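# Summary of structural features
So the chains spell out like this:
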Amino acid sequence: MEYGKIVSKSFNVAWSYKSLWIFGLFAGAGSSGFNWNTGEKEQFDLSSLGFDTSVFADIYQVLAPLLIWFGLLMLALICLSFIAAPALIDAVNRITRGGTYRFSDSFSIGLDNFLKFAGLGIVYFFVMFVGCLLTIAVGALCFVLHWVIGVLSLLVLIPFGICAVVMGSSIYCLAQRAIVVRKVSIGDGLAEGVTLFTNNIGNNVVMFLINLGLMIGLGIVEAIIWAIFGIPIAAITLAAGFGMVAAFVAAFVMGLPISLIVGGFVGTVMTNLYTIFYFELLEPSQPTVPNAPPAPDLAGA
């Protein structure tokens, strides 16, 4: 499999069709943190220890609304990702396989597949979450039995966890593409993802590593670009005497448009990568043979 060609094609499609950046900006927002407030403050009463709890109360009053708004924002981004991801997959399918791409058509496909992607995301989160808990429980039990058994268990559990992450994320990404391209159910999409993974384990491992490397590399590039625009703005704000908080807010606000543009492009590239990889698994391209020798003239033999 020509991995360089897959990566190059992912960048070329993203650069040639800049309207895809709107989908790409939200397509990768499928992760979130969850916060629960049980209200049991008496369990953390620090007054008996001599601390001035009024400081913490003030911080809590400020942070609590921010945490609520942050949770709602993350929930909204997750929902948008369940629309943007199938829309982007459909767009790349049309662009690379001879169809006609229209932003509105792909957006409509994204809306149509929202419930399927949400259901698939819930299944993926549940399986990975339960698997993580079981792995931690087994490791903790081994350490309770004996520290030597616990250390030895890590030699098994750590490689097992890495393999589970590679397999789970690969099957999840392939199932997403199958649902959109083949218009199948969640179960059939997962079945195709499992088949494509088990029949191409080596290719999937390499693609996972390429995806991880690109994610880290492009993330560093994003940070550098933001710093180029944000740090001078923050420095000017500090020099004007407005304080650290104002400098941070100014750098964030002024650098936000650049971050959105770069984030949209990077999200498009990363989503395209697995979509094109999926097509290669279904229909492997034939390698070209440079300077192939002419066919022998059998008539004169």
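It should be noted that the structure appears before, not after, this text.
In this report, we go over the structure that sits alongside the text. The model shown is predicted, which means the values in this text are computed figures rather than measured ones. (Residues numbered from 1 in each chain as written. Predicted model: local features only at pLDDT ≥ 70, side-chain atom pairs only at ≥ 80, totals over all residues. Heavy atoms only, no water.)

### Digging into a nonpolar patch on the surface
Taken together, the side chains of Phe143, Trp147, Val148, Val151, Leu152, Leu154, Leu155, Val156, Ile158 and Ile162 define a hydrophobic patch exposed on the protein surface, amounting to about 970 Å² of accessible area. Broken down by element, the residue count for the nonpolar patch peaks at nine residues, all from helix α6 (residues 147-182). Its location among the elements puts Val151 in helix α6. (Patch = residues over 30% accessible without salt bridge, like charges linked within 9 Å, V, L, I, M, F, W, Y side chains within 5 Å. Areas by Shrake-Rupley, 256 points an atom, 1.4 Å probe, with all protein chains shown as cover. Salt bridge = Lys/Arg side-chain N within 4 Å of Asp/Glu carboxyl O. Helix = DSSP H or I, 4+ residues; strand = E, 2+ residues; numbered from the N terminus.)

### Let's talk about the pattern of salt bridges
Following the criterion strictly, the structure yields four salt bridges and no others. As a salt-bridge pair, Glu283 and Arg97 come within 2.8 Å of each other at their nearest N and O atoms. Of this pair, Glu283 sits in the segment after α9 (244-282) while Arg97 sits in the loop between α3 (53-96) and α4 (103-112); the two residues are 186 residues apart in sequence, bridging distant segments of the chain. Look at Arg97 and you get partly exposed, because its relative accessible area is 34%. Measuring nitrogen to oxygen at the nearest pair gives 3.5 Å for the salt bridge that ties Asp105 to Arg102. A residue is classified by how much of its surface remains accessible, and Asp105, at 28% relative accessible area, is partly exposed. (Buried < 20%, exposed > 50% of the residue type's maximum accessible area, 1.4 Å probe, protein only.)

### Here's the deal with the side chain of Thr275
Within the element layout of this structure, Thr275 appears in helix α9. Within the structure, the side chain of Thr275 is placed 3.1 Å from the side chain of Arg177, a separation counted as a polar contact. (Polar contact = N/O pair within 3.5 Å; in protein donor to acceptor, adjacent residues only side chain to side chain.)

### Some thoughts on the packing of α6 against helix α7 (residues 186-199)
Where α6 meets α7, the axes come as close as 7 Å, and the angle between the chain directions of the two elements is 125°. Taken as axis vectors, α6 and α7 run oblique relative to one another. The crossing of α6 and α7 is right-handed. Contacts between α6 and α7 involve Val166, Met167, Ser170, Ile171, Leu174, Ala175, Ala178, Ile179 and Arg182 on the former and, on the latter, Ile186, Gly189, Leu190, Glu192, Gly193, Val194, Leu196 and Phe197. (Axes fitted to C-alpha atoms, helices over the stretch in contact; angles between N-to-C directions. Parallel < 35°, antiparallel > 145°, perpendicular 65-115°, else oblique. Left-handed = near helix turned anticlockwise from the far one by under 90°. Contact = heavy atoms within 4.5 Å.)

### Looking at α4
Taken together, the buried positions of α4 are Ser106, Ile109 and Gly110. Within α4, the buried residues cover an arc of 105° as seen down the axis, which keeps them to one side. (Arc of directions from axis to C-beta.)

### Re the nonpolar core
Formed by 51 residues in total, the largest nonpolar core has its most connected members in Leu20, Phe23, Phe117, Met207, Phe277 and Tyr278. Looking at this core, the elements with two or more residues in it are α1 (3-16), α2 (20-27), α3, α5 (114-145), α6, α8 (201-239) and α9. Counting residues per element, this core draws most heavily on α9, which supplies twelve residues. Beyond its immediate sequence surroundings of up to four residues, Tyr278 is in contact with Leu174, Arg177, Ala178, Val181, Arg182, Glu192 and Leu196. (Core = buried A, V, L, I, M, F, W, Y, C linked by side-chain atoms within 4.5 Å.)

### Overview of unusual backbone geometry
The phi angle at Lys183 is positive, at roughly 60°, despite the residue not being glycine. Within the secondary structure layout, Lys183 lies in the loop between α6 and α7. On the basis of relative accessible area, Lys183 is assigned to the exposed category, the value being 66%.

### Notes on the packing of aromatic side chains
As enumerated under the stated definition, the model contains eleven aromatic pairs in all. Taken together, a centroid distance of 6.0 Å and an interplanar angle of 45° make the contact between Trp15 and Trp21 tilted. Given a relative accessible area of 16%, Trp21 falls into the buried group. Relative to Phe103, the ring of Phe23 lies with its centre 4.5 Å away and its plane at 0°, an arrangement referred to as stacked. One end of the pair, Phe23, is in helix α2; the other, Phe103, is in helix α4, and 80 residues separate them in sequence. Every member of this aromatic cluster is reached through a ring pair, and the members are Phe11, Trp15, Trp21 and Phe265. Over the ring of Trp15 we find Lys18, and its NZ or CZ is 4.3 Å from the ring centre. Taking NZ or CZ as reference, Arg97 lies 4.6 Å from the ring centre of Phe279, over its face. (Phe/Tyr/Trp six-rings, centres within 6.5 Å; stacked < 30°, edge-to-face > 60°. Lys NZ or Arg CZ within 6 Å of the ring centre and 35° of its normal.)

### Some remarks on the environment of Cys173
Here Cys173 shows up in helix α6. Accessibility expressed as a relative area gives 17% for Cys173, which makes it buried.

### A short note on the environment of Phe107
Note that Phe107 resides in helix α4. Spatially, the C-alpha atom of Phe107 lies 9.7 Å from that of Ala85, the residues being 22 residues apart in sequence. In this structure, Phe107 is in contact with Phe23, Ile83 and Ala87, ignoring residues within four places of it in sequence.

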